[in-house]
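Commentary on secondary and tertiary structure
Next come the chains, spelled out residue by residue.
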Amino acid sequence: MSQVVLTGFLRCRTLEEADRVSLLLPEHVRLTRAEAGCLSFEVFRSMADPGCFAVREVFRDRAAFEAHQRRAAGSLWGRATRGIPRDYRIAGL
């Protein structure tokens with residue numbers, strides 16, 4: 001089985017939206033890193049463009065990645081960030 005690697009950007013439309021992401025991010029990162037199959041999960045807010053967050057996720061396999069997607073979609077993070085544009089590339093699916 002091959003790893004699944006997601007890279008890209010979460011692009012907030014306003015600084016208010018970006019600040020909301022920043023507030024929710026620590027718990028989202030903590031929960032994701034605790035998931036079975038999560039090998040790496042990093043999100044960084046750009047200093048040059050504070051509305052942009054760089055994202056890199058690595059999961060053991062497709063099943064772990066899909067489990068993460070389901071969990072995140074139903075979480076406070078998923079509900080609060082639904083609709084924020086994402087520009088992601090996924091390898092390994």
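Look above for the structure.
Residues numbered from 1 in each chain as written. Predicted model: local features only at pLDDT ≥ 70, side-chain atom pairs only at ≥ 80, totals over all residues. Heavy atoms only, no water.

**A few points about the environment of A91**
Mapped onto the fold, A91 is located in strand β4 (residues 86-91). A relative accessible area of 44% means that A91 is categorised as partly exposed. C-alpha separation for the pair A91 and G74, spaced 17 residues apart in sequence, amounts to 23 Å. Each residue touching A91, except ones within four places of it in the same chain, is listed here: Q3, V4 and V5. (Helix = DSSP H or I, 4+ residues; strand = E, 2+ residues; numbered from the N terminus. Buried < 20%, exposed > 50% of the residue type's maximum accessible area, 1.4 Å probe, protein only. Contact = heavy atoms within 4.5 Å.)

**A look at the layout of surface pockets**
Its boundaries defined by the atoms lining it, the largest pocket holds a volume of some 310 Å³. Q69, A72, W77, R86 and Y88 are the residues nearest the centre of the largest pocket, which is lined by 18 residues in total. Where the lining of the largest pocket is concerned, the elements lending two or more residues are β1 (4-11), β2 (38-45), β3 (52-59), α2 (62-74), α3 (76-81) and β4. Tallying contributions element by element places α2 first for the lining of the largest pocket, with 4 residues. Grouping the amino acids of the lining of the largest pocket by side-chain chemistry returns 9 nonpolar, 6 polar and 3 charged. (1 Å grid on protein atoms, 1.4 Å probe; cavity = no way out; pocket = protein on both sides within 12 Å on 5 of 7 lines; lining within 4 Å. Points joined across faces, edges and corners; volume = space filled by probe spheres on them. Nonpolar A, V, L, I, M, F, W, Y, C, P; charged D, E, K, R; others polar.)

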